[in-house]
Every structure is written in C-alpha cells, then in structure tokens.
Amino acid sequence: TNRTFTMIKPDAVGNGHIGAILNDIIQGGFKIIAMKYTSLSDEIAGQFYTVHKERPFYGELVSFMSSGPIVAAILEKENAVEDFRKLIGATDPSKAEAGTIRNKYAKSIDANAIHGSDSDENAEIEGSFFFSAFERF
Ligand code: GTP
Ligand code: MG
C-alpha cells in the first residue's frame, strides 16, 4: 500500500459536498490516515502551489484556494496516487468521466472540487506540508 494527499477545495466545501465526497473516497477503498478542516491564507496557498508559480493561472489558483475552508487529508490504498486520480477524474470537469468526483461535484477548471497528488514524491511533500508525524494515524 501507499499514500496520497487530497484537499476538498473551497467550491465543494461551500456547495455542501464534503460528506458525499468523503463517502466516495471511502467507498473507493481509501483509508483516511489524517484529516483536517481548515483554511489557507494567500501566503500558505502560494507556498503549497509553488510548483505552478510560472503558470498563467497561478494567481487565480492561489486566490481561489484561499477563498474559503478546505478539507485536507492523507489517504492510503494500494496504488494510491494513480487510483485516486482515476477516482477524481480529469482536471477540467467537462472532460471528467461520468461517476468521477469532478464530474459529479465540480463546475469549472479553476473550481474543480478536489486536489489529488500527482506522484508518490509529491504526495509525501504535500502530506508533510499539512500534517506533523503525530497527526498521521
Ligand atoms: P490538482 O489535483 O488540483 O493538482 O489538479 P491537476 O493535477 O488535475 O491539475 P494541475 O496540477 O495541472 O493544476 C492544478 C490546479 O490548477 C487545477 O486543479 C486547477 O484548479 C487549476 N488549473 C489548472 N489549469 C487551469 C487553467 O487553465 N485555468 C485556471 N484558472 N485554473 C487552472
Ligand atoms: Mg496537480
């Protein structure tokens, strides 16, 4: 087994989808290792997304991610990173497969309901950004 990191983004929290999304995650076979309900300042969101600093949408992404509360979690499953990206669907929800979290709960490419790490290395970096060792089950 291995781990991935996720955030339920401000749009999905604001639209009341926390419960439904957590249910999809658990029914998808993922075990919750750590979880917190919090919000990100502009500065913290900017740090989290430094990998995207040079991309044209960086400013929008950072201000969106600090626009309201989020749920951050570390998840465990065999093949966690790849399987979780399948469960959430394509970045652009209009291209996300039916039944995926983004297909069901996201409205646009910038407000796309959920984050999933894109590699084992980034999963570890992102999980450690939010959780100290004693906060992980
Ligand atoms: P994450 O799981 O959130 O990392 O999404 P991703 O891996 O599917 O996409 P990527 O890492 O390439 O982009 C990170 C986030 O930036 C996306 O989830 C979107 O919210 C946002 N994003 C990506 N492309 C665009 C874009 O063209 N415009 C805007 N406004 N936001 C974008
Ligand atoms: Mg990404």
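Basis of the calculations
Residues numbered from 1 in each chain as written. Chains lettered and ligands numbered in written order. Predicted model: local features only at pLDDT ≥ 70, side-chain atom pairs only at ≥ 80, totals over all residues. Core = buried A, V, L, I, M, F, W, Y, C linked by C-beta atoms within 7 Å. Buried ≥ 20, exposed ≤ 12 C-beta atoms within 10 Å, placed from the backbone. Helix = DSSP H or I, 4+ residues; strand = E, 2+ residues; numbered from the N terminus. Contact = placed C-beta atoms within 7 Å. Near = placed C-beta within 6 Å. Nonpolar A, V, L, I, M, F, W, Y, C, P; charged D, E, K, R; others polar. Pairing = 2+ DSSP bridges. Axes fitted to C-alpha atoms, helices over the stretch in contact; angles between N-to-C directions. UniProt positions renumbered as here; feature names shortened; annotations may be inferred. Arc of directions from axis to C-beta. pLDDT = per-residue confidence, 0-100.

Asks: Give me the lowdown on the nonpolar core, citing residues and values where you can.
Replies: With 28 residues, the main nonpolar core has Ile 21, Leu 75, Phe 84, Ile 101 and Ile 114 as its most contacted residues. If you list the elements that add at least two residues to this core, you get β1 (2-8), α2 (18-27), α4 (58-65), β3 (70-77), α5 (80-88), α6 (101-105) and α7 (120-130). Among residues more than four places away in sequence, those in contact with Phe 84 are Thr 4, Thr 6, Phe 30, Leu 75 and Gly 116.

Asks: I'd like to hear about the site of ligand 1, residue by residue, with values.
Replies: Close to ligand 1 lie His 52, Phe 57, Glu 60, Leu 61, Thr 91, Ile 109, Asp 110, Asn 112, His 115, Gly 116 and Asp 118. For the shell around ligand 1, a count of residues per class yields 3 nonpolar, 5 polar and 3 charged.

Asks: Tell me about the pairing of β3, and please be specific about residues and values.
Replies: Looking at chain direction, β1 and β3 are connected through 7 bridges and run antiparallel. Bridge assignment links Phe 5 to a residue of β3, and that residue is Ile 74. Taken together, the 7 bridges between strand β2 (residues 31-38) and β3 define a ladder with antiparallel strand orientation. If you follow Thr 38 over to β3, its bridge partner there is Ile 70.

Asks: Account for the sheet that holds β3, with residues named and values stated.
Replies: In sheet architecture, strand pairing relies on hydrogen bonds along the backbone and comes in two forms, parallel and antiparallel. Spatially, 4 strands are ordered β2-β3-β1-β4 in an open sheet, and the strand pairing comes out antiparallel. Of all strands in the sheet, those bounded by a partner on one side alone are β2 and β4 (114-116). On average, adjacent strands in this sheet sit at an angle of 15 degrees to one another, irrespective of strand direction. Lying over the sheet, α5 contacts β1, β3 and β4, oriented at roughly 35 degrees with respect to β1.

Asks: Give a detailed account of the UniProt feature "active site" (unreviewed entry) in the protein, specifying residues and quantitative values.
Replies: Cross-referencing UniProt, the feature "active site" (unreviewed entry) maps to His 115 in the present numbering. Following the sequence through the fold, His 115 ends up in strand β4. What makes His 115 buried here is the crowd of 20 C-beta atoms within 10 Å. When near neighbours in sequence (up to four residues on either side) are disregarded, His 115 contacts Thr 6, Met 7 and Lys 9.

Asks: Which residues make up α7, and what values go with them?
Replies: Within α7, the full set of buried residues consists of Ala 123, Glu 126, Gly 127 and Phe 130. Along α7, the residues classed as buried sweep out an arc of 100 degrees about the axis, all on the same side. Exposed side chains of α7 directed beyond 90 degrees from the buried face belong to Glu 121 and Phe 129. Close packing links the buried residues of α7 with β1, β2, β3 and α5.

Asks: Could you give an account of the confidence of the model for the protein, naming the residues involved and the relevant values?
Replies: Model confidence for the protein is summarised by a mean pLDDT of 97, while 100% of its residues fall at 70 or above. Reported for the predicted complex are a pTM of 0.96 and an ipTM of 0.92.

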